[in-house]
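This is what each chain is made of:
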Amino acid sequence: MTVKIGVVMDPIESISYYKDSTLAMLWAAQRKGWQIFYMEQSSLFLRDGVVQGRMAPLSVVMDPDGWFERGEYSDTPLNELDVILNRVDPPFDNEFLYTTQLLALAERDGVLVTNNTQAVRNFNEKLFATHFAQCTPPVLVTRNADQLRAFHAEHGDVIFKPLDGMGGSSIYRIGADGLNLGVIIETLTQFGGQMIMAQKYIPEIKDGDKRILIVDGEVVPYALARIPQGGETRGNLAAGGRAEGREMSDRDRWICEQVIPTIKESGLLFVGLDVIGDYLTEINVTCPTCIRQLDEQFGLDIAMQLMDAIERRLPA
């Protein structure tokens, strides 16, 4: 019987052909002979206890001038699918939360959703890293301005960032002079109404913010360093960082060993660790990326590795 795989994603027309990881996953699913069904977050709905999606059959091609063909839409219960990839980009806002809750009803009906909806709700990508304090730099999570000022006074050079940002958005570096410290705290905490993260600045960011991918508890053997450009502090590709593949260091492998048991226990099939220098800074569980760059630089097929992991979890 052919596997039916649904994908909930941002509009496929607007993705980057050359670097989109979801597209790589869809190519891999199609190579397996699976039927693909396309949905957007706005397509999901619940009627009389049945979660459904306005979905369309999809085929993908390796053509930068036109990478997909989409059939006619129809309203279909999600439990008619075998697998659903939840590939909606952060931020983790209320709409994303509602999406995971609707997809959880499909899980209840036997559909394999990746990543596991409960784990995605449980683990904020920045806070998740703090579960492994032995791996992280000095860090503070608070909305209290006095605590944030004291953290800056202690460490001198710090990073302040929101807990729900993506792509390097709203990340501030505050040096020893404390320039604009007050207004940055007011802006990020919304005058004490919202928690943020403070983190000691890691100077090794100049050498890159490494993305390490883990598929079904197995570490992809190379990391992708996102190197800041043009005087930036941020290495995120969305913020203009340059991508460069790297060999894994002993410290990188040690960090993975610390994290993997929790990842496996939580049912997370596809995870991205962010490592700067010797320190774990984030654990991406919502929509990890960087498949295409690592595949291209090292001849890998990470998306197929993920599809194989999914296939192992489907009923025979």
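Residues numbered from 1 in each chain as written. Predicted model: local features only at pLDDT ≥ 70, side-chain atom pairs only at ≥ 80, totals over all residues. Heavy atoms only, no water.

Break down the overall build of the chain for me, with residues and values.
Of the regular secondary structure elements, the chain holds 9 helices and 18 strands. The C-alpha radius of gyration of the chain comes to 20 Å, within 12% of the 20 Å expected for a compact globule of 316 residues. Dimensions of the chain, computed from C-alpha atoms along their principal axes, come out at roughly 65 × 45 × 40 Å. Within the chain, the proportion of its 316 residues that are buried is 50%. Long-range contacts, defined as pairs at least 24 residues apart, comprise 67% of the intrachain contacts of the chain with a sequence gap of at least 6. Carbon and sulfur atoms provide 47% of the accessible area of the chain, an area that totals close to 14300 Å². Between the centroid of the 29 positive side chains of the chain and the centroid of its 44 negative side chains there is a distance of 2 Å. (Helix = DSSP H or I, 4+ residues; strand = E, 2+ residues; numbered from the N terminus. Rg over C-alpha atoms; globule rule 2.2 N^0.38 Å. Buried < 20%, exposed > 50% of the residue type's maximum accessible area, 1.4 Å probe, protein only. Contact = heavy atoms within 4.5 Å. Areas by Shrake-Rupley, 256 points an atom, 1.4 Å probe, with all protein chains shown as cover. Lys, Arg positive; Asp, Glu negative; His and termini not counted. Charge placed at Lys NZ, Arg CZ, Asp CG, Glu CD.)

How would you explain the pairing of strand β7 (residues 83-87) if you had to name every residue and give the values?
Summarising burial for β7: 5 of the 5 residues are buried, a large majority. Taking every second residue as pointing to the same face, both faces of β7 are buried, with V83, L85 and R87 on one and I84 and N86 on the other. Bridge analysis of strand β1 (residues 4-9) against β7 gives 5 bridges, and the strand direction is parallel. Residue V8 lies in a different strand from β7, and its bridge partner there is N86. Handedness of the crossover joining β7 and strand β8 (residues 112-114) through helix α2 (residues 94-108): right-handed. (Pairing = 2+ DSSP bridges. Right-handed = clockwise from strand over helix to strand, strands pointing away.)

Outline the environment of T136, listing residues and values.
Mapped onto the elements of the fold, T136 is located in the loop between α4 (125-129) and β9 (139-142). Of the residues examined, T136 reaches a relative accessible area of 13% and is grouped as buried. For the pair T136 and L58, spaced 78 residues apart in the sequence, the C-alpha separation amounts to 41 Å. Sequence-distant contacts of T136, defined by excluding residues within four places in its chain, comprise A129, T130, Y279 and L280.

Pulling in residues and values, what's your account of the packing of aromatic side chains?
The description of two aromatic rings rests on the distance between their centres and on the angle between their planes. Inspection of every chain in the model, using the stated rule, returns 7 aromatic pairs. Their ring planes at 5 degrees and their centres at 4.0 Å tell us that F123 and F128 sit as a pair that is stacked. A relative accessible area of 13% means that F123 is categorised as buried. Joined through ring pairs, the aromatic side chains of Y17, Y18, W27 and W67 make up one cluster. The aromatic ring of Y201 is capped on one face by R173, whose charged end is 3.7 Å from the ring centroid. Positioned above the aromatic ring of Y17, the side-chain terminus of R292 is 5.6 Å from the ring centre. (Phe/Tyr/Trp six-rings, centres within 6.5 Å; stacked < 30°, edge-to-face > 60°. Lys NZ or Arg CZ within 6 Å of the ring centre and 35° of its normal.)

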